[in-house]
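# Report on the structure
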Amino acid sequence: MLNQENTYEVEIFDPTKRSWEDIKEQIISIEHEAFGDKSFSDEDLSNDFQNVNNVVVLLKDSNNILGFVYAEPANKEETALICDIVIEKKSRQKHLAGILMDSLEEELKKRKYKYIEMDAAVANNFAENISKQYKSRIVEQGEPHDSIWGKQVFFRIKL
Ligand SMILES: CC(C)(COP(=O)(O)OP(=O)(O)OC[C@H]1O[C@@H](n2cnc3c(N)ncnc32)[C@H](O)[C@@H]1OP(=O)(O)O)[C@@H](O)C(=O)NCCC(=O)NCCS
């Protein structure tokens, strides 16, 4: 996708073809910039990114990874749980979250999922944007609840 300054591309990360070692520094740095001491541990990220049952999407420009999103199979049938979505600070508010989410959804549909679930942060208007963006497809929306990452809103969305 092209915008005025940058060309962005997405990659469905395939741990059988590309090594976690290639990307781990950038992923961990983006995670830590966003969440500080509330970040997922390096070990959790390593396990989650290399789990072939998970769907991991990377957003890149020509040189760097700018953000990522990943989902894992939930305990409910045909449902994927979005575990983490992050865009590096300097690339935020450029509508890149939508690019990541669209690619994730496309891949999840290929894998026959019917629903996604997520706890979306109230911060940065993310929960509000999800509510706006997925309006017609939201089948369940919770009230804001506390978490170690601040207030979040639960969503179940039809793919
Ligand atoms: C949450 C986060 C990824 C959002 O990215 P962002 O760059 O701030 O937001 P974007 O500019 O991409 O998205 C905002 C716009 O895209 C739109 N959009 C389009 N498709 C969208 C989609 N599928 N999902 C969300 N927003 C979408 C929104 O409606 C919004 O439009 P508006 O500006 O006209 O209101 C980013 O703020 C971040 O990394 N935060 C820190 C980590 C974090 O809190 N992650 C969430 C954990 S639940």
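The structure this text deals with has already been given above.
This is a predicted model, so every value here is computed, not measured. (Residues numbered from 1 in each chain as written. Predicted model: local features only at pLDDT ≥ 70, side-chain atom pairs only at ≥ 80, totals over all residues. Heavy atoms only, no water.)

## Regarding the packing of aromatic side chains
What the rule picks out here adds up to five aromatic pairs. Both rings, one in W20 and one in F49, keep their centres 5.0 Å apart while their planes meet at 45 degrees; by these two values the pair is tilted. One end of the pair, W20, is in helix α1 (residues 20–35); the other, F49, is in helix α2 (residues 42–50), with 29 residues separating them in the sequence. Classification of W20 as buried rests on a relative accessible area of 5%. (Phe/Tyr/Trp six-rings, centres within 6.5 Å; stacked < 30°, edge-to-face > 60°. Helix = DSSP H or I, 4+ residues; strand = E, 2+ residues; numbered from the N terminus. Buried < 20%, exposed > 50% of the residue type's maximum accessible area, 1.4 Å probe, protein only.)

## Here we look at the site of the ligand
If you check the shell around the ligand, you find 23 residues, and the closest are I85, I87, Q93, A97 and Y134. Residue I85 places a main-chain N or O atom 2.8 Å away from a nitrogen atom belonging to the ligand. Contact distances for the ligand include 3.5 Å between a nitrogen atom and a side-chain N or O atom of N124. Here the ligand has 960 Å² of accessible area as a free molecule, and 83% of this is covered by the chains. Secondary structure elements with two or more residues in the shell around the ligand: α1, β4 (79–87), α3 (96–110), β5 (115–121) and α4 (126–133). Taken together, the residues that form the shell around the ligand break down as 13 nonpolar, six polar and four charged. (Near = heavy atom within 4 Å. Polar contact = N/O pair within 3.5 Å; in protein donor to acceptor, adjacent residues only side chain to side chain. Areas by Shrake-Rupley, 256 points an atom, 1.4 Å probe, with all protein chains shown as cover. Nonpolar A, V, L, I, M, F, W, Y, C, P; charged D, E, K, R; others polar.)

## Notes on the environment of S19
Here S19 lies in the loop between β1 (9–12) and α1. Judged by its relative accessible area of 34%, S19 falls in the partly exposed class. Each C-alpha atom, one on S19 and one on F49, is 9.9 Å from the other, the two residues being 30 residues apart in sequence. A distance of 2.9 Å separates the side chain of S19 from the backbone nitrogen of E21, its partner in a polar contact.

## As for the pattern of salt bridges
Using the criterion set out here, one finds 14 salt bridges in the structure. Its salt-bridge partner being K110, residue E107 comes within 3.8 Å of it at the nearest N-O pair. Of this pair, E107 and K110 both sit in helix α3, three residues apart, which is roughly one turn of that helix. The exposure class of K110 is exposed, given its relative accessible area of 57%. (Salt bridge = Lys/Arg side-chain N within 4 Å of Asp/Glu carboxyl O.)

## Describing the nonpolar core
Side chains that are nonpolar tend, in soluble globular proteins, to be buried together. Ranked by size, the top nonpolar core spans 30 residues in total, and within it L108, I130 and F155 carry the most contacts. Of all elements in the fold, only β2 (55–60), β3 (65–73), β4, α3, β5, α4 and β7 (152–158) reach the threshold of two or more residues within this core. Other than its neighbours up to four places away in sequence, L108 contacts V55, A71, A80, Y113, I116 and L159. (Core = buried A, V, L, I, M, F, W, Y, C linked by side-chain atoms within 4.5 Å. Contact = heavy atoms within 4.5 Å.)

## Concerning unusual backbone geometry
Of note in this structure, K112 is not a glycine but carries a positive phi near 70 degrees. Relative to the elements of secondary structure, K112 occurs in the loop between α3 and β5. Overall, the relative accessible area of 65% leaves K112 in the exposed class. Unlike most non-glycine residues, N125 shows phi in positive territory, near 60 degrees. With respect to the element layout, N125 can be found in the loop between β5 and α4.

## Some points on α1
At Q26, α1 is bent by approximately 25 degrees, the largest bend along its length. Between the side-chain oxygen of the N-cap and the backbone nitrogen of E21 there are 2.9 Å, and the N-cap of α1 in question is S19. Remark: G36 follows α1 within two positions and exhibits a positive phi of approximately 50 degrees. (Bend = angle between axes of the 7 residues up to and from the residue.)

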